[in-house]
Amino acid sequence: MHRKNAQRWRVTSVLLTGAVFALGSFWLLQLMNRNGGAAAGDPRLSEPDYFVDNFSIVRMGPEGKPAYIVSGVKLTHRPIDDSSEIDVPFVRKLSAALPPMDMHAEHGRIDQDNSRVYLSGKVVIDRAAAPGVQSMLLKSPALTVFPDADRMETDQPVDLLLGATHMTGVGMKANNATRQIDIAHDLRITVPARPR
């Protein structure tokens, strides 16, 4: 009889210890979730952690040569999503096969590990002519540029002068590497007459 009581006491103490650990773990998890939620809602985390005035950044390509340059009047970095806001951005895309392509705007935002650049406010893209390549002048209220993929897109109106051919429309996807441009709708093309 004495053995049965001792065994019951051992089993009860093991169960109680397990229950205390389970409740403690649950309480600790709730405490961590509550603190994590408070941190996510903390407005201070969305505040910038640094500013850079009159900056210039050179991004190198896989072959070790400059791929593009990003500069501007002011860069503001936000740690909450690792994004950067740029006042008066200038982006120059460099390529061995094509002339440099210059992009100007009033505002810019870089995100997705520096692989996407949003340009807004009087966006102008200019590329000079070269042997086998027509000059290009593109204007749009907003444009998303993927420098590493060498492409750009917008759902806004575009005004494009490619060589002497003038195109306007709404929405565009362009691939600089393949030299393919797709206008989504309201496309109008003016092609100059060929000299006789």
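Each value, and the rule that gives it
Residues numbered from 1 in each chain as written. Predicted model: local features only at pLDDT ≥ 70, side-chain atom pairs only at ≥ 80, totals over all residues. Heavy atoms only, no water. Helix = DSSP H or I, 4+ residues; strand = E, 2+ residues; numbered from the N terminus. Contact = heavy atoms within 4.5 Å. Areas by Shrake-Rupley, 256 points an atom, 1.4 Å probe, with all protein chains shown as cover. Salt bridge = Lys/Arg side-chain N within 4 Å of Asp/Glu carboxyl O. Buried < 20%, exposed > 50% of the residue type's maximum accessible area, 1.4 Å probe, protein only. Pairing = 2+ DSSP bridges. 1 Å grid on protein atoms, 1.4 Å probe; cavity = no way out; pocket = protein on both sides within 12 Å on 5 of 7 lines; lining within 4 Å. Points joined across faces, edges and corners; volume = space filled by probe spheres on them. Nonpolar A, V, L, I, M, F, W, Y, C, P; charged D, E, K, R; others polar. Core = buried A, V, L, I, M, F, W, Y, C linked by side-chain atoms within 4.5 Å. Phe/Tyr/Trp six-rings, centres within 6.5 Å; stacked < 30°, edge-to-face > 60°. Lys NZ or Arg CZ within 6 Å of the ring centre and 35° of its normal.

*Asks:* Give a detailed account of the overall build of the chain, specifying residues and quantitative values.
*Replies:* The helix and strand tally for the chain stands at 1 helix and 11 strands. Sequence-ordered secondary structure for the chain, helices as α and strands as β, is α-β-β-β-β-β-β-β-β-β-β-β. Contacts in the chain between residues at least 24 apart in sequence constitute 33% of all its contacts with a sequence separation of at least 6. Surface accessibility of the chain: about 13,200 Å² in total, with carbon and sulfur atoms responsible for 58%.

*Asks:* Explain the pattern of salt bridges to me, using residue names and the numbers behind them.
*Replies:* For side chains of opposite charge, pairing can occur when their charged atoms come near one another. Under the counting rule described, the total for this entry stands at 7 salt bridges. Close ionic contact of Arg116 with Asp111 constitutes a salt bridge, the shortest N to O distance being 2.9 Å. Neither residue differs from the other here; Arg116 and Asp111 are each classed as buried. Via salt bridges that share partners, Asp81, Glu85, Arg109, Asp111 and Arg116 belong to a single interconnected network.

*Asks:* Help me get a handle on the pairing of strand β9 (residues 151-162), residues and values and all.
*Replies:* Of the pairings in the sheet, the one linking strand β8 (residues 136-146) to β9 comprises 7 bridges and is antiparallel in character. Counted as the bridge partner of Val145 is Met152 from β9. Where β8 folds back onto β9 in an antiparallel hairpin, the turn is made up of 4 residues, including Asp150, whose phi is positive at roughly 60°. Sheet topology places β9 next to strand β10 (residues 165-175); 10 bridges connect them, and they run antiparallel. Along β10, the bridge assignment pairs Met152 with Ala174. Linking β9 to β10, which pair antiparallel, is a turn of 2 residues; within it Gly163 sits at a positive phi near 65°.

*Asks:* Run through empty space enclosed by the protein, naming residues and quoting values.
*Replies:* For the structure on display, the rule yields 1 cavity of 30 Å³ or more. Taken as a whole, the largest cavity encloses approximately 40 Å³ of empty space. In this structure, the largest cavity is lined by Lys93, Met101, Met103, Val145, Phe146, Pro147, Asp150, Arg151, Met152 and Asn176. Of the residues in the lining of the largest cavity, the class split is 6 nonpolar, 1 polar and 3 charged.

*Asks:* Pulling in residues and values, what's your account of the environment of Ile57?
*Replies:* Along the polypeptide, Ile57 turns up in strand β1 (residues 50-60). When its relative accessible area of 42% is taken as the criterion, Ile57 is described as partly exposed. The sequence separation of Ile57 and Val70 amounts to 13 residues, and the corresponding C-alpha distance is 5.2 Å. Contacts of Ile57, omitting those with residues within four sequence positions, involve Tyr68, Ile69, Val70 and Leu75.

*Asks:* Any details on the nonpolar core? Residues and values, ideally.
*Replies:* Counting residues in each nonpolar core, the largest one holds 27 residues, and the members touching the most others are Ile125, Leu138, Leu143, Met152 and Met172. If near-sequence neighbours (up to four positions away) are discounted, Leu143 is found in contact with Val117, Tyr118, Leu119, Val123, Ile125, Leu138, Met152, Glu153, Thr154 and Met172.

*Asks:* Explain the packing of aromatic side chains to me, using residue names and the numbers behind them.
*Replies:* Scanning the entire structure with this criterion turns up 0 aromatic pairs. Lying across the ring of Phe146, Arg151 places its NZ or CZ 4.1 Å from the centre.

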